Amino acid sequence: MKLAPVDYVILALYFAFVLGIGWRLRKRISSSGDFLTSGRSVPVWITSLAFIAANLGALELVGMAGSGAKYGIMTAHFYWLGAIPAMLFMGIFMMPFYYGSKARSVPEYLKMRFDEKTRAFNAFSFAIMTIFASGISMYALGLLLRLVLGWSFTVSVLASAAIVLAYTFLGGLTSAIYNEVLQFFLIVMGFAPLAIVSVIKAGGWQGIVSRLPPNMTHAWRYMGSPTDNPMGVEIFGMVAGLGFVLSFGYWCTNFLVVQRAMAADSMSAARRTPLIGTIPKMFLPFVVILPGIAALALSKMNVGYAFPMRAGSPNYDLVLTTLMAKFYPAGMLGVGLTGLMASFMSGMAGNVTAFNTVFTYDIYQSYIRPGAPDRHYLTVGRATTVVGVLLSIGAAYLATLFNNLMDLLQLVFGVVNAPLFATFLLGMFWKRTTAHGAFAGLSIGTAAAILTLSTTVAEGNGGWIAHLHTFQSQMAQNFWIAIIAFTTNFVISIVVSMFTTPRTDKDMEGLVYGLTKVPHDATAKWYERPAPLTVMVVILLLILNIWFR
């Protein structure tokens, strides 16, 4: 891939701009709350776009484009089934507890609802998850810089880490949020044209359909059996594994995205943050998945495009960059590369800012040095930002063991978020759930996820203890890991809770449904109320699923 001088100028302007945002916002940082939680002062349109952009890292672009080529239009289920319903549920039902409890993080809510040991378990597991997720983004950006600039993988990873560290160290969460909004627009501008060009070159959607197997261009029709579709999953595994456990576990309990809504300037804004975010999220498959599907069709045509390979097998992680190299002219290539780098940095910064908040408040302040002056926690927050970036560099090298980033990310979410969702579901909506029940369910559910991975095999991964079952794909394995982890936690939590003493109703006010005043916006304008927005989103969602069924 050869860049023209104008492409380098565009990249340089972007780097200068993101660093400038961090430098400008550094003056607003005077306390640990300013640095780690933005002081709950960010407008709703900013938090809504940041809510989506925080998830627009390697997962969305490199991972989703690669998954589009690997699994076809079924990949869109990660949005239409695996995101939108959970985002609606979070905004309507869960944000009143998060925002109203005044918790500074998801683990802190668990402490308020249950006890210290449950908070500690989630804090440590979440910290590990964010490091892995940040490392995956770093790995993807390292591949890009090596391809574009010819740098070694190590130099590429270190350079990307340094830029993200600079603006998050200066401006904290606020800097990350405002940069995420910038990055959202850059991503759309950088890749919407690629989707259009690649589909046109492939002969439009009908041209793609004519060149690919039918199970690559239908979202629902071939899910009767795992052997009928490229994802190797049946309808129950898809709906229960992705549509319920993984999606609700990620969007409703992952502090990375919850943190953006919690930074809003009011309860109403916090609830509307994920609801408004569903609208751009719904149409992102046409920007990030469609190019991957088109790439597969183009490789079967005589247009000079060859599908990227590695050691004799498809290299799905390079689908997006090879399309850009083939079809983008000078200038537009710079915009596309800037959007790609913006997505990686968005993913890295989002995970690093979530990591430093959880470590500072839920680990350091709770167990290492409680009662210190706030200035001390601000210093620790900044130091933790540096440590988080360094740990992410190590995680970037682990990502090289997978041929599709999406598979690895869903595995991490299945182990951490899937069992956690059962804890939140019971804790928020069943007041009989006890602290001992929650901790037992969460720890055993997580162990069940790891045990399932260790006793099953998919595409050569897993099965370290035994080979009890072989899945058609890593994604199918991920879905069943999530189902087993969630179910185990749910059952264990109920059983243990029935034999242990719950907290009093007074202790759980503001933390449990039925003991919390959920805000009703009857006097607000229609577009400020959750119900009309939810109805509109559901109608659009049904249309898309029927159209691509």
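All figures in this text were calculated on a predicted structure; none of them were measured in a lab.

A. Spatial organisation of the nonpolar core. Membership of the largest hydrophobic core comes to 172 residues, with the highest contact counts inside it found for Tyr98, Phe191, Met231, Met238, Leu340, Phe424 and Phe479. The leading source of residues in this core is helix H9 (residues 153–201), at 16 residues. Setting aside its immediate chain neighbours within four residues, Tyr98 contacts Arg40, Ala103, Val106, Tyr109, Cys252, Thr253, Val258, Met262, Phe424 and Met428. One finds Ile29, Phe35, Leu36 and Tyr361 within the second-largest nonpolar core, a separate group that totals 5 residues.

B. Main features of the sheet that holds strand S4 (residues 461–462). The strand order across the open sheet built from 3 strands is S4-S3-S5, with neighbouring strands paired in mixed fashion. Looking at the sheet topology across the chains shown, the edges are occupied by S4 and strand S5 (469–470). Contacts from helix H21 (residues 474–498) reach strand S3 (456–458) and S4 within the one sheet, and its direction differs from that of S3 by about 145 degrees.

C. Representation of the environment of Asn461. Its place among the elements puts Asn461 in strand S4. Of the residues examined, Asn461 reaches a relative accessible area of 23% and is grouped as partly exposed. In sequence terms Asn461 and Ala295 are 166 residues apart; their C-alpha atoms lie 26 Å from each other.

D. Structural view of the packing of aromatic side chains. Summed over all chains, the structure comprises 29 aromatic pairs. Here Phe248 and Phe421 contribute two aromatic rings whose centre-to-centre distance is 5.5 Å and whose plane-to-plane angle is 45 degrees, an arrangement assigned as tilted. With Phe248 in helix H11 (residues 235–253) and Phe421 in helix H19 (residues 405–429), this residue pair connects regions lying 173 residues apart in the sequence. One cation-aromatic arrangement involves Arg104 over Tyr361; the distance from NZ or CZ to the ring centre is 3.8 Å. The cationic tip of Arg382 hangs over the ring face of Phe169; the distance from NZ or CZ to the ring centre is 5.6 Å.

E. Broad picture of the pattern of salt bridges. This structure, assessed with the given rule, holds 5 salt bridges. The shortest N-O distance in the salt bridge between Glu108 and Arg104 comes to 2.8 Å. Assessed through its relative accessible area of 28%, Arg104 is described here as partly exposed. A salt bridge links Asp115 to Lys117; the nearest nitrogen and oxygen atoms lie 2.3 Å apart. Judged by its relative accessible area of 17%, Asp115 is buried. A residue is classified by how much of its surface remains accessible, and Lys117, at 29% relative accessible area, is partly exposed. Overlapping salt bridges bring together Glu116, Arg119 and Asp362 as one network.

F. The arrangement of helix H17 (residues 332–368) in detail. Compared with the 54 Å implied by 1.5 Å per residue over 37 residues, the 50 Å span of H17 between its first and last C-alpha is a close match. Most pronounced at Phe359, the bend in H17 amounts to some 35 degrees. Here H17 lies mainly inside the structure; 31 of its 37 residues are buried.

Criteria and cut-off values
- Residues numbered from 1 in each chain as written.
- Predicted model: local features only at pLDDT ≥ 70, side-chain atom pairs only at ≥ 80, totals over all residues.
- Heavy atoms only, no water.
- Core = buried A, V, L, I, M, F, W, Y, C linked by side-chain atoms within 4.5 Å.
- Buried < 20%, exposed > 50% of the residue type's maximum accessible area, 1.4 Å probe, protein only.
- Helix = DSSP H or I, 4+ residues; strand = E, 2+ residues; numbered from the N terminus.
- Contact = heavy atoms within 4.5 Å.
- Pairing = 2+ DSSP bridges.
- Axes fitted to C-alpha atoms, helices over the stretch in contact; angles between N-to-C directions.
- Phe/Tyr/Trp six-rings, centres within 6.5 Å; stacked < 30°, edge-to-face > 60°.
- Lys NZ or Arg CZ within 6 Å of the ring centre and 35° of its normal.
- Salt bridge = Lys/Arg side-chain N within 4 Å of Asp/Glu carboxyl O.
- Expected span 1.5 Å × (residues − 1).
- Bend = angle between axes of the 7 residues up to and from the residue.

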